[in-house]
Amino acid sequence: MSLVTAIQPDGTPTWIDLRVPDLDRALEFYNALFGWEYAPDSAKTGLGTVCLLRGRPVAAIAQAPADTSTSPDWTMYFATADCDGTAKRIADAGGSVLTPPTDIGEHGRAALAEDPVRARFGLWEARAHLGCELVNEPDSLVRNDLVTPDPEPARAFYTTVFDYALDLNKTLPDLDFTFLRRPDGHEIGGIFGFPVAPRSVWATTFEVADTDAVVGRAVAAGGTADTPEDTPYGRSATLKDPFGVEFSVITRPA
């Protein structure tokens, strides 16, 4: 278990949210999948409906505007102590600021951006709302990785914006995968060069206690899932919710 009680260092994935065309249907699905409960009236705060695990925030889900043309995806937010300054670094490094830094009440300051390979992500300057308060345990966020058919511009961009170091994954030498490490050496995720990927996206992975059981619950609740498989890091599967939002789950070795 990882309990987050303080603002995360810059460049750490710190929050995730999802915008869907049918909020009630999404809340039902993710409750069936992960047992999440929902903070009463939280949709009015600007964060969306806050998803709770043992009473602590782990994500948010919101109703998408009727006129939205954006494909639904889980959006990952990087921690930053200076949302405005990081937004400028994004633009200077060749990215695009889609939504400029904006205060979300007393909770924090946020922005949405796109990197040079058109993967979307967010920035979160925490105040009252730290972000995910439980991570790296069943039914919570465990990992985000960028999947892209064009990894080199992405690697140059993220090392410039967040001062990451690149570290080649030697466990899977046949894959074009590079770990991203903060200046203190902590791994925050990675960039996976996948030539046949249809688009670039920051993929979201949740830890679960039993991958096969979660796959069964997902299908029963109206989602779809690939067949679970064993990897060097645990037993994983790729799922889609009823709106076609793709994400992964993994049961890590004890």
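Predicted model, so just to flag it, every value in this text is computed and none were measured. (Residues numbered from 1 in each chain as written. Predicted model: local features only at pLDDT ≥ 70, side-chain atom pairs only at ≥ 80, totals over all residues. Heavy atoms only, no water.)

Asker: Sorry, what's going on with helix α1 (residues 23–34) here?
Answerer: Each α-helix winds once per 3.6 residues, and so residues spaced three or four apart point in a common direction. Taking 1.5 Å as the rise per residue, α1 with twelve residues should run 16 Å; its terminal C-alpha atoms sit 16 Å apart, in good agreement. Leu23, Ala26, Leu27, Phe29, Tyr30, Leu33 and Phe34 are the residues of α1 that are buried. Within α1, the buried residues cover an arc of 165° as seen down the axis, which keeps them to one side. Exposed residues pointing more than 90 degrees away from the buried face of α1 are listed as Asp24 and Glu28. For α1, the N-terminal capping position is held by Asp22, with its side-chain oxygen 3.4 Å away from the main-chain nitrogen of Asp24. (Helix = DSSP H or I, 4+ residues; strand = E, 2+ residues; numbered from the N terminus. Expected span 1.5 Å × (residues − 1). Buried < 20%, exposed > 50% of the residue type's maximum accessible area, 1.4 Å probe, protein only. Arc of directions from axis to C-beta. Polar contact = N/O pair within 3.5 Å; in protein donor to acceptor, adjacent residues only side chain to side chain.)

Asker: Mind showing me how you'd approach the packing of aromatic side chains here?
Answerer: Geometrically, a pair of aromatic rings is defined through the distance of the ring centres and the angle of the planes. In the structure shown here, the tally under the stated rule is 25 aromatic pairs. Taken together, a centroid distance of 5.7 Å and an interplanar angle of 75° make the contact between Trp74 and Phe206 edge-to-face. With a gap of 132 residues between them, Trp74 in the loop between β5 (56–63) and β6 (75–79) and Phe206 in strand β15 (residues 201–207) connect regions that are remote in the sequence. Look at Phe206 and you get buried, because its relative accessible area is 0%. (Phe/Tyr/Trp six-rings, centres within 6.5 Å; stacked < 30°, edge-to-face > 60°.)

Asker: Sorry if this is basic, but what is going on with unusual backbone geometry here?
Answerer: Glycine aside, a negative phi is what most residues show, and trans is what most peptide bonds show. Residues other than glycine seldom take positive phi values, yet Asp139 does so here, at roughly 75°. One can find Asp139 in the loop between β10 (134–135) and β11 (140–148). Residue classification places Asp139 among the buried positions, given a relative accessible area of 18%.

Asker: I would appreciate a short explanation of the environment of Thr80 in the present structure.
Answerer: Positionally, Thr80 belongs in the loop between β6 and α2 (83–92). Expressed as a C-alpha distance, the spacing of Thr80 and Thr14, which sit 66 residues apart in the sequence, is 9.4 Å. Apart from the residues lying within four places of it in its own chain, the contact partners of Thr80 are Asp10, Thr86, Leu123, Trp124, Glu125 and Ala126. At a separation of 3.0 Å, a polar atom in the side chain of Thr80 contacts the main-chain amide nitrogen of Asp82. (Contact = heavy atoms within 4.5 Å.)

Asker: How should I be thinking about the nonpolar core in this particular structure?
Answerer: It is characteristic of soluble globular proteins that their nonpolar side chains tend to be buried jointly. Residues Tyr30, Trp74, Phe78, Tyr158 and Phe247 are the most contacted members of the largest nonpolar core, which totals 66 residues. The element best represented in this core is α1, accounting for seven residues. (Core = buried A, V, L, I, M, F, W, Y, C linked by side-chain atoms within 4.5 Å.)

Asker: How should the side chain of Arg155 be read in this particular structure?
Answerer: For Arg155, the location among the structural elements is in helix α3 (residues 151–162). A relative accessible area of 5% places Arg155 in the buried class. Engagement of the side chain of Arg155 in a polar contact is seen with the backbone oxygen of Ile191, the distance being 3.4 Å. The contacts of Arg155, once residues within four sequence positions are left out, are Leu166, Asp176, Phe177, Thr178, Ile191 and Gly193.

Asker: Is there a simple way to think about the UniProt feature "domain: VOC" (unreviewed entry) in the chain in this case?
Answerer: Feature annotation in UniProt assigns "domain: VOC" (unreviewed entry) to the following positions: residues 12–126 and 137–252. For residues 137–252, the helix share is 19%, the strand share is 44%, and the end-to-end C-alpha distance is 9 Å. (UniProt positions renumbered as here; feature names shortened; annotations may be inferred.)

Asker: How do you make sense of the pattern of salt bridges when you look at a structure like this?
Answerer: Side chains that carry opposite charge are capable of pairing whenever their charged atoms lie near each other. In this structure the tally under the stated criterion is 20 salt bridges. Between Arg155 and Glu152 there is a salt bridge, and its shortest N-O distance comes to 2.7 Å. Linking Arg155 with Glu152, this pair stays in helix α3, spanning three residues, or about one helical turn. Residue Glu207 is joined to Arg252 by a salt bridge in which the shortest nitrogen-to-oxygen separation is 2.8 Å. With Glu207 in strand β15 and Arg252 in the segment after β19 (246–251), the pair connects residues that are 45 residues apart, well separated along the chain. Residue classification places Arg252 among the partly exposed positions, given a relative accessible area of 40%. (Salt bridge = Lys/Arg side-chain N within 4 Å of Asp/Glu carboxyl O.)

Asker: It is not clear to me how the pairing of β5 should be interpreted in this structure. Could you clarify?
Answerer: Within a regular strand, side chains alternate between the sheet's two faces. With six of eight residues buried, β5 lies mostly within the body of the structure. Pairing of strand β4 (residues 49–53) with β5 involves five bridges; the strand directions are antiparallel. Considered in β5, the bridge of Leu53 is made with Arg56. Between the end of β4 and the start of β5, which pair antiparallel, lie two residues, with Arg54 showing a positive phi angle near 50°. (Pairing = 2+ DSSP bridges.)

Asker: What exactly am I supposed to notice about the pairing of β19 here?
Answerer: Burial within β19 is extensive, with five of its six residues counted as buried. Both β15 and β19 contribute to a ladder of three bridges, which runs parallel. By the bridge assignment for β19, Phe206 is matched with Val249. Inspection of the sheet shows strand β18 (residues 234–240) paired to β19 by six bridges, in the antiparallel sense. The residue bridging Arg235 from the neighbouring strand is Thr251, located in β19. What sits between β18 and β19 in their antiparallel hairpin is a turn of five residues, with Gly244 showing a positive phi close to 85°.

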